[in-house]
Amino acid sequence: MRLGGGQGAAIAGPEQAGALPAWLTRLPPAEPRPPRPLAPSALGEDAGPEAPWPPGAGIAAARRGVLVHKLLERLPDVPEERRAQVGAGWLARNADDLDEAERDAILADSLVVLAHPDWLDLFGPGSLAEVPIAATVAGHVIAGTIDRLLIGPEHIRIVDFKTARRAPDRIGQVPVAVLRQMAAYAAALEAVYPGRAVDAAVLYTSVPRLIAIPAETLAAHKLALARAE
């Protein structure tokens, strides 16, 4: 059987087939724009207080910084009298390409930080190490890792470790990029824990020196974050 052939065939028009559904003539809705991602640790490069590294030295410095961070993450959970032994063993396994003197210097710097009486609470019971955080603040997705975190019912304290070979003496010498990073972390924590005060500080491990960031400095950089496009 042949359908619709020859001159007698006819094509059904709209009046025969019925009106098209309205949705066929509408443009699809715009997809929601995702929040802009923002990594606090990469909020911009900024000239710090130290001179450029000699050729090739930057790689060694970065490696040293990673090892110090790892020791400060692991050793607080070890009894104080065993930290030197445990730290030396960990470095021997994970940095066997370094000579013993280099490993001993890295361990010594880390132990001095852990034993400093002014910030024992940073490494005491209830403190957290290498804490991942993600929150949406002012249209930005802030994601990163906080080196040390203390969470109380009304108050939160965040500390970031820096291994710069020449540490700043005061807050006015701390690079702006570092202040932006800490302000972003503080803003993210305020979003996660509304109503809690957030204090921030930077711990320069080579001295060691803890530099607290004033609330007004954090507020100024959080405001700049909110205005950023």
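Only a predicted model underlies this, so the values are computations on that prediction, with no experimental measurement involved.

K.L.:
Even after reading the chapter, I still don't get the overall build of the chain, so can you show me in this structure?
P.N.:
Scanning the chain from N- to C-terminus turns up six helices and six strands. Ordered by position from the N terminus, the helices and strands of the chain form the series α-β-α-α-α-β-β-β-α-β-β-α. Looking at the chain as a whole, 35% of its 229 residues qualify as buried. Within the chain, residue pairs in contact and separated by at least 24 positions form 68% of the contacts whose partners lie at least 6 positions apart. Accessible surface, the chain: about 13800 Å² in total, of which carbon and sulfur atoms supply 57%.

K.L.:
Explain the pairing of strand β6 (residues 209-213) to me, please; I cannot follow it from the model alone.
P.N.:
On a regular strand, one side chain projects to one face of the sheet and the next to the other, so that they alternate. Pairing analysis gives five bridges linking strand β5 (residues 197-204) to β6, with the strands arranged antiparallel. Looking across to β6, one finds that Ala201 is bridged to Ala212. Where β5 folds back on β6, the antiparallel hairpin that results is connected by four residues.

K.L.:
Could you clarify how one ought to interpret the side chain of Arg148 in this entry?
P.N.:
Its place among the elements puts Arg148 in strand β3 (residues 140-151). There is no salt bridge for the buried Arg148, and the closest opposite charge comes from Asp77, which lies 5.4 Å off by N-O distance. Side-chain polar atoms of Arg148 contact the backbone oxygen of Leu122, separated by 2.7 Å. Those residues in contact with Arg148 that lie beyond four places of it in its chain are Leu72, Glu73, Pro76, Leu122, Phe123, Ser127, Leu128, Ala129, Arg157, Ile158, Val159 and Phe161.

K.L.:
Honestly, the side chain of Asp160 in this entry has me stumped. Any pointers?
P.N.:
Mapped onto the elements of the fold, Asp160 is located in strand β4 (residues 155-162). Classification of Asp160 by relative accessible area gives buried; the value is 5%. Of the polar contacts made by the side chain of Asp160, one reaches the side chain of Lys162; its length is 2.9 Å. For Asp160, the contacting residues outside a window of four places in its chain are Asp147, Gln181, Met182, Tyr185, Ala201, Val202 and Leu203.

Conventions we followed
- Residues numbered from 1 in each chain as written.
- Predicted model: local features only at pLDDT ≥ 70, side-chain atom pairs only at ≥ 80, totals over all residues.
- Heavy atoms only, no water.
- Helix = DSSP H or I, 4+ residues; strand = E, 2+ residues; numbered from the N terminus.
- Buried < 20%, exposed > 50% of the residue type's maximum accessible area, 1.4 Å probe, protein only.
- Contact = heavy atoms within 4.5 Å.
- Areas by Shrake-Rupley, 256 points an atom, 1.4 Å probe, with all protein chains shown as cover.
- Pairing = 2+ DSSP bridges.
- Lys, Arg positive; Asp, Glu negative; His and termini not counted.
- Salt bridge = Lys/Arg side-chain N within 4 Å of Asp/Glu carboxyl O.
- Polar contact = N/O pair within 3.5 Å; in protein donor to acceptor, adjacent residues only side chain to side chain.

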